Amino acid sequence: MRKTLALAAMALGIAGLGAATAHAETLTVDGSYPTVDACASDGNNGRFQAGGVQLRGEDGWQWSCDQGWDGQWYMTIFR
């Protein structure tokens, strides 16, 4: 009985993890950067422009800088 309950709890936990990931928001900031330092400088500012909407770090948005196929750096914001 304990094994059955433990397995059921684990299955529900895994299903919940998948549901939480499915609701994550990810956006690419408008524009690109010539260097990773320029991207990081903008990210450390804490205010982002994506799709014409101003997003703020205080609202739970985090950022990362990723290099694109063209050699430019693009900021991705997520929460």
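**Brief notes about the overall build of the protein chain**
Thought 1: Secondary structure assignment for the protein chain yields two helices and five strands.
Thought 2: Listing each helix as α and each strand as β along the protein chain from the N terminus yields α-β-α-β-β-β-β.
Thought 3: Each of the 79 residues in the protein chain was classed as buried or not, and the buried ones make up 18%.
Thought 4: Intrachain contacts of the protein chain at a sequence separation of at least 6 include 42% that bridge at least 24 residues.

**What to know about the environment of Ala 38**
Thought 1: Turning to its location among the elements, Ala 38 is positioned in helix H2 (residues 36–45).
Thought 2: The class for Ala 38 is partly exposed, based on a relative accessible area of 29%.
Thought 3: The spatial distance from the C-alpha of Ala 38 to the C-alpha of Trp 73 is 8.6 Å, given a sequence separation of 35 residues.

**Here we look at the pairing of strand E4 (residues 62–67)**
Thought 1: Pairing between E4 and strand E5 (residues 73–78): six bridges, direction antiparallel. Across the sheet, the residue bridging to Asp 66 is Tyr 74, located in E5.
Thought 2: Where E4 folds back onto E5 in an antiparallel hairpin, the turn is made up of five residues, including Gly 71, whose phi is positive at roughly 90°.

**Some words on the environment of Gly 71**
Thought 1: Within the fold, Gly 71 resides in the loop between E4 and E5.
Thought 2: Its relative accessible area of 33% is what places Gly 71 among the partly exposed residues.
Thought 3: Distance in space between the C-alpha atoms of Gly 71 and Ser 32 is 9.9 Å, their sequence separation being 39 residues.

**What about the confidence of the model for the protein chain?**
Thought 1: Summing up the model confidence of the protein chain, the mean pLDDT is 75 and the portion of residues at 70 or higher is 71%.
Thought 2: Note on residues 3–9: pLDDT under 50 across the span, and zero contacts to partners over four residues away in sequence or across chains.
Thought 3: Contacts of residues 14–21 to residues separated by more than four positions or lying in other chains number zero contacts, the stretch itself having pLDDT below 50.

What counts and what doesn't
- Residues numbered from 1 in each chain as written.
- Predicted model: local features only at pLDDT ≥ 70, side-chain atom pairs only at ≥ 80, totals over all residues.
- Heavy atoms only, no water.
- Helix = DSSP H or I, 4+ residues; strand = E, 2+ residues; numbered from the N terminus.
- Buried < 20%, exposed > 50% of the residue type's maximum accessible area, 1.4 Å probe, protein only.
- Contact = heavy atoms within 4.5 Å.
- Pairing = 2+ DSSP bridges.
- pLDDT = per-residue confidence, 0-100.

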